[in-house]
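Chain by chain, the residues:
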Amino acid sequence: MSSNETRPSGTALALQGGGAHGAFAWGVLDALLEDGLAVDRICGVSSGALLGVVLAQGLARGGVEGGRRAMQRLWERIGRAHATSPLSRGPLDGWLFGWDFTQMTWQGMDAASRLFTPAQLNPLGHNPLRAVVQDVLDRAALCDTDAPRVTVGVTDVQTGQAVLFENAAITVEIDGRACWDGAYSGNPPIAPLLRPTLPERLVVIRAQPTHRAGVPSSTAEIFNRMHEISTTATLEAELAALPPGVRLENYAADAALAQLPLSSKVTMEPDVVRDLFLAGRRVGLAHAGMPAGGVA
């Protein structure tokens, strides 16, 4: 490194998307913040984007504790939105069928999607996540000078390329562009975290398993595994090409998530979310050398 170059500094946070499995990433992050993690730049997609946005807002408004409270409020709000979902289990359903009820409902919806278009299944365009985003997005806090730089990634449907938005440009609407989940073009993209200067430390928190035992057999399982592999491939390539001087910390989700059914990604019941959160907390606490008994 020449004398004219800036040495790596600060901590960058990469948050993977994974639907409800983002509660695992929340747990890891909660423990790391409790242990003193300080970040100056964040990149996320899907549930990782939501988590990163509310964290930045909370840090700007109330420091570390503000960030932790903001993430908790996000998942409480998601849980309330899920209460009206067709995938929501009632107390009797959970007691009688457990995960099987959610799996059966998911399979029914998957079968329906093969026979009907999204417009036919949802003619009114109902999107409960939109209300969640509208409720939790605080543009003033996100643009505060004390907020970390946040990059949210989505995928342009026509070009297949990642489209990146930073703090001031993060809104509910995307003018004139059809976009899909950012995980298809980077889960999450790492390049934005390496600019304009390299971070000294890159913290990657996963929200879906990298490895799965066995070979998937059902159509849904095969599709799910294909999705996991394809949306992680770009991330793995970027991590393999990290510049020298960037210290990588990787928080894997395999032990906590690899045995869960496909339907768990869309299940937001409070008990399920809390189990995922606590699993993430244990991973974060173990890295920090704190006793697992310290889980809140």
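Scroll up a little and you will see the structure.
Within each chain, residue numbers correspond to sequence positions counted from 1 in written order. Only residues with pLDDT of at least 70 are given local features in this predicted model, and only at 80 or more are side-chain atom pairs given and counted; all residues enter the totals for whole chains, interfaces and linings. Side-chain numbers come from the whole structure's heavy atoms, not from hydrogens or water.

Novice: Could you clarify how one ought to interpret the overall build of the protein chain in this entry?
Specialist: Numbered from the N terminus, helices here are DSSP runs of H or I no shorter than four residues, and strands are runs of E no shorter than two. Looking only at helices and strands, one finds 10 helices and seven strands in the protein chain. A buried classification covers 46% of the 296 residues belonging to the protein chain. Note on contacts: a residue pair qualifies if any of its non-hydrogen atoms lie within 4.5 Å across the two residues. Partitioning the contacts of the protein chain with sequence separation of at least 6, the portion at a separation of at least 24 is 77%. In the structure as shown, the protein chain presents an accessible area of about 14,700 Å², 57% of it carried by carbon and sulfur atoms. Only protein chains enter the area calculation, which uses a 1.4 Å probe; residues under 20% of their type maximum are buried, those over 50% are exposed, and those in between are partly exposed. Exposure was quantified through the Shrake-Rupley algorithm and a 1.4 Å probe, taking into account, for residues, occlusion by the shown protein chains and nothing else.

Novice: Help me understand the pattern of salt bridges in this model?
Specialist: When their charged atoms lie close together, side chains carrying opposite charge are able to pair. A pair is scored as a salt bridge if a Lys or Arg side-chain nitrogen falls within 4 Å of a carboxyl oxygen belonging to Asp or Glu. Inspection of the entire model under this criterion finds 13 salt bridges. The shortest N-O distance in the salt bridge between Arg149 and Glu166 comes to 3.7 Å. With Arg149 in strand β3 (residues 149–156) and Glu166 in strand β4 (residues 162–166), this residue pair connects regions lying 17 residues apart in the sequence. When its relative accessible area of 22% is taken as the criterion, Arg149 is described as partly exposed. Close ionic contact of Arg225 with Glu228 constitutes a salt bridge, the shortest N to O distance being 2.9 Å. Here Glu228 and Arg225 lie together in helix α8 (residues 219–240), a separation of three residues that amounts to about one turn. With respect to class, Arg225 is no different from Glu228; both count as buried. In the salt-bridge network here, residues are joined through shared partners; they are Asp30, Glu34, Glu65, Arg68 and Arg281.

Novice: Even after reading the chapter, I still don't get the side chain of Arg41, so can you show me in this structure?
Specialist: With respect to the helices, strands and loops of the structure, Arg41 is situated in strand β2 (residues 41–44). From its side chain, Arg41 meets the backbone oxygen of Thr197 in a polar contact 2.5 Å long. Counting of polar contacts relies on pairs of N or O atoms within 3.5 Å, with two restrictions inside protein: one atom must be capable of donating a hydrogen and the other of accepting it, and residues adjacent in sequence are counted only when both atoms are side-chain atoms.

Novice: Would you take a moment to explain the nonpolar core for this structure?
Specialist: Buried together is how nonpolar side chains tend to be arranged in soluble globular proteins. Counting residues in each nonpolar core, the largest one holds 51 residues, and the members touching the most others are Leu13, Leu29, Leu51, Leu74, Trp75 and Ile205. If you list the elements that add at least two residues to this core, you get β1 (11–15), α1 (22–34), α2 (47–82), α6 (128–136), β3, β4, β6 (201–205) and α10 (270–288). With 14 residues, the single largest contributor to this core is α2. Filtering out sequence-adjacent residues up to four positions away, Ile205 remains in contact with Leu13, Ala14, Leu15, Gln16, Ala25, Val28, Leu29, Leu32 and Tyr251. Residues belong to one nonpolar core when they are buried, are Ala, Val, Leu, Ile, Met, Phe, Trp, Tyr or Cys, and are joined through side-chain atoms within 4.5 Å. Ala12, Leu202, Leu239 and Leu242 belong to the second largest nonpolar core, which has 11 residues in total.

Novice: What's the story with the environment of Arg69 in this structure? I'm lost.
Specialist: Among the structural elements, Arg69 can be located in helix α2. Owing to a relative accessible area of 44%, Arg69 belongs among the partly exposed residues under this scheme. Distance from Arg69 to Val54, taken between C-alpha atoms, is 9.4 Å for residues 15 residues apart in sequence.

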